[in-house]
Amino acid sequence: MGTRRLLTLLAATAAAVSVLPAPAFAADTGGSDLVSVTGTLSTVVVDSAADGPEGAAVRRGPEQTVIDDMAVVGGKVVDLPDGLVGKAAGGGRVRLTVHGPAGAGGATRTGDAQVAADLTAGSALVVSATTTAPPSSPMVPGQHSLTVLPVYWSAPDSQTRSSLATTAGAVGSYWTDQTGGTVTFAAPDVRDWAKIATPSSCDPSSLMNAALAANGLSAPTSRTQHLLVYFPHLSNCGWTGLGPMPGSTMWINGYSDPDAWEHETGHNLGLGHAGALSCTDSAGAPVSLSDACARDDYADLADVMGYAQFGDAGTLNAALADYLGLLDPIVGAPGQIITVPPISSVGSARALVVPLSDSELYVEYRPYAGRDRRQPQSWAGVQVRQRMTGSNQSAILAVEPSAGSGTQFGAAMAPDAVWRVPDSSLALLLLDTGSSGARVAVEDATSLAPAPTVTVAGPDQVRPGLPATLVARGSGNGSYRWNLDATHCTASRADRASFVLQCPTTQTTAVTATVRFTAPDGQVAQRTYRVTMGKPTDVRLTQAVTPATSRPYYRQRLRVTARLQRDGIPVRGWVMLWASHDGQSWKAVAGPVDTGPDGRLTATVRPRHATYFQLGTSVASGVGWVRPGNVFSHVTVRKRPVRAGLRVDSGGPGRRDLLHGRVFDRLTGAPLAGRRVVLLRRVVGSHYWVRVGVHVSGTAGRVLARVDPSRRTYYRWRALGTPHYRADRSVAALLR
């Protein structure tokens, strides 16, 4: 069954199982008040929370799933008291002894429909139950059907008959694909919304019976006829969905995501959950499998029987496929090289199985492709799952175990790394992967050198922003590879025994670094080291503006450099730069920027006016930006110098002379377009310059004029000044 945690433990199991008090029946007037009826046992999955009492320290993932026992009798779903049928499998026949009210003549009313009505009304009570015929197989092959009954009590939710039909169709397509056609689904039958009485509690049997009555239907007894009740989200139901295991009924608590429905259908087909194991050895170090394992019942995130990801489900894993009889796995032996096809290759021998004393390990290849993209690509690859003998549940193992990074970390085999199979004389070596599958070599573990070990030494706590050095020591020669779980922290080279990590001053949570030591023979040892973050680092923030000039020119390129340090040691942090023209209102210019390990931030600015620059740093998450008052600069700006050039082309006898002018920036030589340029003249013997005309420079900064002086005359160009550029005049040219 599914929830966003795909289930939290119901507030009380009784919220889903109505254990009725003994009714006050009429006095026995001679007839019997006991009657026997036969129905179909329905074991509905409820599940304990992952951190419940069963999840503390268990032997290799025993069954944690908690079930509510129900029965289909007389076309209705009735609750059974806890513990009445023991661990009997659902889907089989069950005989119920019912203590009921007296009818005419003092005899208890009989007939399956009447007894079921009395049970659902609370006027009768089941006193004993005996299973008479267990289910013949985990899954019934052939064509199945799915009927969806949407019900509401105040108003329907946003789902329509069409949208629910789309989700139901995805369910049929999914399981047809996953079973290779062994199970097929006809087109779903989705009914219109029907109104029922407002539920007084989260009682699945009452919801089911109300939905059946509103649609004039009876509860199905055939395991090929699936019936799903959909209703708007009911907050006092701490689950997304419920489904008997195996069975034919389902409940969905307001979720229209395909994988939630596909998960419940998986229960109907007979499947339990796809969980994960986190195991430790006697010293508390993480290992793949041991006598001390904590199980998270849904933590196989790629699998349809794990946590809902609220989309289409991932491929069913090999362990559960084998339980349904859909797999013919390969049994490995020393000296073999086996190609394991992708898990999506339904119908092929897509798993290598290693039998243990009480379980089987399934080695499968799950590439990052198709419906198996629900996890990061680094998680995909050759993975191992365990299924206890006879169990319908599976658990993914950490073949490269690591503490503190979640049950899914280290799920895939590393290339060329040797994995010693726990409780077995075998070892597996991943040779390579490709489109056709993964090549795995099976070795005799007794012929391998002793497994390597690795230890890590370093500080337990460090101030955020300052570097911390971790040193790994492996047992003998080998190579090292570090992995850091913090997004914003940086590190030195990851292939050395010594590893330097440095987090910004905003880092407040602990950081986990994992080192993998690989021996020359390919065997791997792994160790995780946890560094907690202490108090935020007190930092000193300095600022410099280069070129070091008090009066740069308009839009001159300047570099503002900030530096964080503590006692001369660079501090890594987040820095921001602001600018202001009046020293009152500030505008962000750069940042927030992570300085990196050297504690420096360099920003490029091109001030147009006299400008104040100010820096700030964030020293811890949630603290906000601190603007030290003594870390600012005031930059004044001068007008840029201009050069106005002059060149003369003589027209010769009887022709006009041509005057060329060019206006450009003296600092960069760049032409200045759109500038107003005046042509001046002065006749020889006069002391005054006279304006001839005004021109505007083109895209290349050029101006042009034709003149025909009648006597000897001087000419020159004058570029007029602007708020940002100086005025300038060219040399004079004498023409005749």
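Going by the structure above, here's the rest.
What counts as what
- Residues numbered from 1 in each chain as written.
- Predicted model: local features only at pLDDT ≥ 70, side-chain atom pairs only at ≥ 80, totals over all residues.
- Heavy atoms only, no water.
- Phe/Tyr/Trp six-rings, centres within 6.5 Å; stacked < 30°, edge-to-face > 60°.
- Helix = DSSP H or I, 4+ residues; strand = E, 2+ residues; numbered from the N terminus.
- Buried < 20%, exposed > 50% of the residue type's maximum accessible area, 1.4 Å probe, protein only.
- Lys NZ or Arg CZ within 6 Å of the ring centre and 35° of its normal.
- Pairing = 2+ DSSP bridges.
- Axes fitted to C-alpha atoms, helices over the stretch in contact; angles between N-to-C directions.
- Patch = residues over 30% accessible without salt bridge, like charges linked within 9 Å, V, L, I, M, F, W, Y side chains within 5 Å.
- Areas by Shrake-Rupley, 256 points an atom, 1.4 Å probe, with all protein chains shown as cover.
- Salt bridge = Lys/Arg side-chain N within 4 Å of Asp/Glu carboxyl O.
- Lys, Arg positive; Asp, Glu negative; His and termini not counted.
- Charge placed at Lys NZ, Arg CZ, Asp CG, Glu CD.
- Core = buried A, V, L, I, M, F, W, Y, C linked by side-chain atoms within 4.5 Å.
- Contact = heavy atoms within 4.5 Å.
- Polar contact = N/O pair within 3.5 Å; in protein donor to acceptor, adjacent residues only side chain to side chain.

Colleague: Help me out: how do you make sense of the packing of aromatic side chains in this one?
Modeller: Within a pair of aromatic rings, the relevant descriptors are the distance that separates the centres and the angle that separates the planes. Applying the stated rule across the entire model yields 10 aromatic pairs. Geometrically, the ring pair formed by Tyr152 and Trp193 is edge-to-face, given 6.2 Å between the ring centres and 70 degrees between the ring planes. On the criterion of sequence distance, the pair formed by Tyr152 in strand E6 (residues 142-152) and Trp193 in the loop between strand E8 (189-190) and strand E9 (194-195) is long-range, its members being 41 residues apart. A ring pair is formed by Trp482 and Phe499, whose centres lie 4.7 Å apart and whose planes are at 10 degrees; its orientation type is stacked. Residue Trp482 is found in strand E28 (residues 479-484), and its partner Phe499 is found in strand E30 (residues 498-502); the two are separated by 17 residues along the sequence. In terms of burial, Trp482 and Phe499 fall into one category: buried. Counting every residue linked through ring pairs, the aromatic cluster contains Tyr152, Trp193, Tyr230 and Trp261. For the cation-ring pair, Arg638 lies above Tyr553, with the distance from its terminal atom to the ring centre recorded as 4.2 Å. In this structure, Arg716 is placed above the aromatic ring of Trp689, and the distance from its NZ or CZ to the ring centre is 4.5 Å.

Colleague: Honestly, the pairing of strand E1 (residues 34-45) in this entry has me stumped. Any pointers?
Modeller: The element E1 is largely enclosed, with a buried count of nine among its 12 residues. Here E1 pairs with strand E4 (residues 93-99) via seven bridges, running antiparallel. Residue pairing across strands places Thr40 opposite Arg93, the latter belonging to E4.

Colleague: It is not clear to me how the sheet that holds strand E17 (residues 337-340) should be interpreted in this structure. Could you clarify?
Modeller: Neighbouring strands of a sheet are bound in pairs by backbone hydrogen bonds; such pairs are parallel or else antiparallel. Spatially, four strands are ordered E17-E24-E23-E22 in an open sheet, and the strand pairing comes out antiparallel. Every other strand in the sheet has two partners, leaving E17 and strand E22 (418-420) as the edge strands with one partner each. Neighbour-to-neighbour, the strand axes of this sheet turn through a mean angle of 30 degrees, independent of strand direction.

Colleague: Would you explain a positive patch on the surface in this entry?
Modeller: Judged by side-chain charge, Arg555, Arg557, Arg559, Arg606 and Arg608 come together as a positively charged surface patch. Here Arg608 lies in the loop between strand E38 (600-605) and strand E39 (611-618).

Colleague: Help me understand the nonpolar core, please; the structure alone is not making it clear to me.
Modeller: Considering soluble globular proteins, one finds that nonpolar side chains tend to be buried as a cluster. Leu470, Trp482 and Leu577 are the most contacted members of the largest nonpolar core, which has 41 residues in total. Apart from residues lying up to four places away in sequence, Leu577 is in contact with Gln543, Val560, Lys587, Ala588, Val589, Ala590, Ala603, Val605, Phe613, Gln614 and Leu615. In this structure, Val171, Tyr174, Val183 and Tyr230 belong to the second largest nonpolar core, which totals 29 residues.

Colleague: Any chance you could explain the side chain of Ser288 here in plain terms?
Modeller: With respect to the element layout, Ser288 can be found in the loop between strand E14 (286-287) and strand E15 (292-296). At 2.7 Å, the side chain of Ser288 and the backbone oxygen of Ala398 are in polar contact. A distance of 3.0 Å separates polar atoms of two side chains, one belonging to Ser288 and the other to Trp419. If we skip the residues at most four places from it in the chain, Ser288 touches Cys279, Leu397, Ala398, Val399, Pro401, Trp419 and Pro422.

Colleague: How should I be thinking about the pairing of strand E13 (residues 274-280) in this particular structure?
Modeller: Two faces make up the sheet, and in a regular strand the side chains alternate between them. The element E13 is largely enclosed, with a buried count of five among its seven residues. Pairing of E13 with strand E21 (residues 394-396), which is carried by three bridges, proceeds in the parallel orientation. When the bridges of E21 are listed, Ala276 appears paired with Ile396. Inspection of the sheet shows E13 paired to E15 by five bridges, in the antiparallel sense. Note that in E15 the partner of Cys279 across the bridge is Cys293. The turn linking E13 back onto E14 is made up of five residues, and Gly284 within it adopts a positive phi angle of 90 degrees.

Colleague: Where do I start with the environment of Ser282 in this structure?
Modeller: Relative to the elements of secondary structure, Ser282 occurs in the loop between E13 and E14. Separated by 10 residues in sequence, Ser282 and Ala292 have C-alpha atoms that sit 8.3 Å apart.

Colleague: What exactly am I supposed to notice about the environment of Thr221 here?
Modeller: Structurally, the position occupied by Thr221 is in the loop between helix H3 (204-214) and strand E10 (225-231). It is 9.1 Å that separates the C-alpha atoms of Thr221 and Thr249, two residues lying 28 residues apart in sequence. Other than its neighbours up to four places away in sequence, Thr221 contacts Thr40 and Val72.

Colleague: Can you walk me through the pattern of salt bridges in this structure?
Modeller: One side chain can pair with another of opposite charge once the charged atoms of both are near each other. Scanning the entire structure with this criterion turns up 18 salt bridges. The partner of Arg439 in a salt bridge is Asp432, and the shortest N-O contact between them spans 2.8 Å. By relative accessible area, which is 32% here, Asp432 ends up partly exposed. Ionic pairing is found between Arg640 and Asp665, a salt bridge with its closest N-O pair at 2.6 Å. Placement of Arg640 in the loop between strand E40 (632-635) and strand E41 (642-649) and of Asp665 in strand E42 (residues 657-665) is noted, with a sequence separation of 25 residues between them. For the pair formed by Arg640 and Asp665, the shared burial category is buried. Salt bridges linked by common partners bring Asp300, Asp303, Glu364, Arg366, Asp372 and Arg385 together as one network.

Colleague: Where do I start with the environment of Thr604 in this structure?
Modeller: The topology assignment puts Thr604 in strand E38. The class of Thr604 is partly exposed, set by a relative accessible area of 42%. With near-sequence residues (within four places) excluded, Thr604 lies in contact with Arg557, Leu558 and Arg559.

Colleague: I keep staring at the side chain of Glu364 and nothing clicks. Help me out?
Modeller: Within the element layout of this structure, Glu364 appears in strand E19 (residues 359-366). Reaching out from Glu364, the side chain makes a polar contact with the backbone nitrogen of Ala318 at a distance of 2.8 Å. A polar contact is formed between the side chain of Glu364 and the side chain of Arg366, at a distance of 2.9 Å. Excluding its chain neighbours within four sequence positions, the residues that come into contact with Glu364 are Asn317, Ala318, Val340, Ile343, Arg350, Gly381, Val382, Gln383 and Arg385.

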